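Residue-level structure breakdown
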Amino acid sequence: MANSTTTVVKGLPQGPAGRSSPEGSQVLSKKKLQDLVREIDPNEQLDEDVEEMLLQIADDFIESVVTAACQLARHRKSNTLEVKDVQLHLERQWNMWIPGFGSDEIRPFKKACTTEAHKQRMALIRKTTKK
């Protein structure tokens, strides 16, 4: 590895060589997951296997986001992970924007460009519905 510096993420348990350790560091607990499910539907109950799978997916997602954000921080030649690193990864890779963190700039709405073929199909549909 060319760059042997370690990026430290505050709040995560540290394992050997300053890296975050996966043991016992679940961000989402079963209780929190059950609370989230109850917020959506008070009558819904998840199976034990489903809970375990959702917790694993959440942990994998968080680990991948933090890893990619740390790579962005290293690319900036920084040993500190900042909100802008996480935001950049979430925006570029997952098309997610978390409001309330970082800059409060108004995000421009990206209107999908319509192709000529789509415009022709839509004109044909409008024409046939008028009859």
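Criteria and cut-off values
Residues numbered from 1 in each chain as written. Predicted model: local features only at pLDDT ≥ 70, side-chain atom pairs only at ≥ 80, totals over all residues. Heavy atoms only, no water. UniProt positions renumbered as here; feature names shortened; annotations may be inferred. Helix = DSSP H or I, 4+ residues; strand = E, 2+ residues; numbered from the N terminus. Buried < 20%, exposed > 50% of the residue type's maximum accessible area, 1.4 Å probe, protein only. Contact = heavy atoms within 4.5 Å. Salt bridge = Lys/Arg side-chain N within 4 Å of Asp/Glu carboxyl O. Core = buried A, V, L, I, M, F, W, Y, C linked by side-chain atoms within 4.5 Å. Phe/Tyr/Trp six-rings, centres within 6.5 Å; stacked < 30°, edge-to-face > 60°.

Where an unreviewed UniProt entry is consulted, the protein appears under the name Transcription initiation factor TFIID subunit 12, with the organism given as Parambassis ranga. Its UniProt record, at the heading Subcellular location (unreviewed entry), says of the protein: "Nucleus". According to UniProt, the comment filed for the protein under the heading Sequence similarities (unreviewed entry) is "Belongs to the TAF12 family."

A separate point is the side chain of His89. Counting through the fold element by element, His89 comes out in helix α3 (residues 83-94). Accessibility expressed as a relative area gives 12% for His89, which makes it buried. Excluding residues within four positions of it along the chain, His89 makes contact with Ser64, Val65, Ala68, Leu72 and Trp94.

As a further point, take the pattern of salt bridges. Using the criterion set out here, one finds six salt bridges in the structure. Between Lys84 and Glu82 there is a salt bridge, with its nearest N and O atoms 3.7 Å apart. With a relative accessible area of 47%, Lys84 lands in the partly exposed category. Within this structure, Lys30, Glu48 and Glu52 form a network of salt bridges that share partners.

This part covers the nonpolar core. Leu28, Leu33, Val37, Leu46, Leu55 and Ala58 together form the largest nonpolar core, which totals six residues. Counting residues per element, the ones that place at least two in this core are α1 (30-40) and α2 (48-75). Among all residues touching Leu46, those that are not within four sequence positions of it are Leu33, Val37, Glu51 and Leu54.

For any pair of aromatic rings, the description consists of the separation of the ring centres together with the inter-plane angle of the planes. Applying the stated criterion to the full structure yields one aromatic pair. Ring geometry for Phe61 versus Trp94: centroids 5.1 Å apart, planes at 75°, classification edge-to-face. With Phe61 in helix α2 and Trp94 in helix α3, the pair connects residues that are 33 residues apart, well separated along the chain. Among the residues examined, Phe61 registers a relative accessible area of 28% and is labelled partly exposed. When its relative accessible area of 44% is taken as the criterion, Trp94 is described as partly exposed.

Moving on to the environment of Gln71. The topology assignment puts Gln71 in helix α2. On the accessibility criterion, Gln71 (46% relative accessible area) is partly exposed. Counting along the chain gives 18 residues from Gln71 to His89, while the straight-line C-alpha distance between them is 9.9 Å.

Bringing unusual backbone geometry into the picture now. Even without a glycine there, the phi angle at Lys77 is positive, about 65°. Looking at the element boundaries, Lys77 is found in the loop between α2 and α3. Here Asn95, not a glycine, exhibits a phi torsion of approximately 55°, which is positive. With respect to the helices, strands and loops of the structure, Asn95 is situated in the loop between α3 and α4 (116-130).

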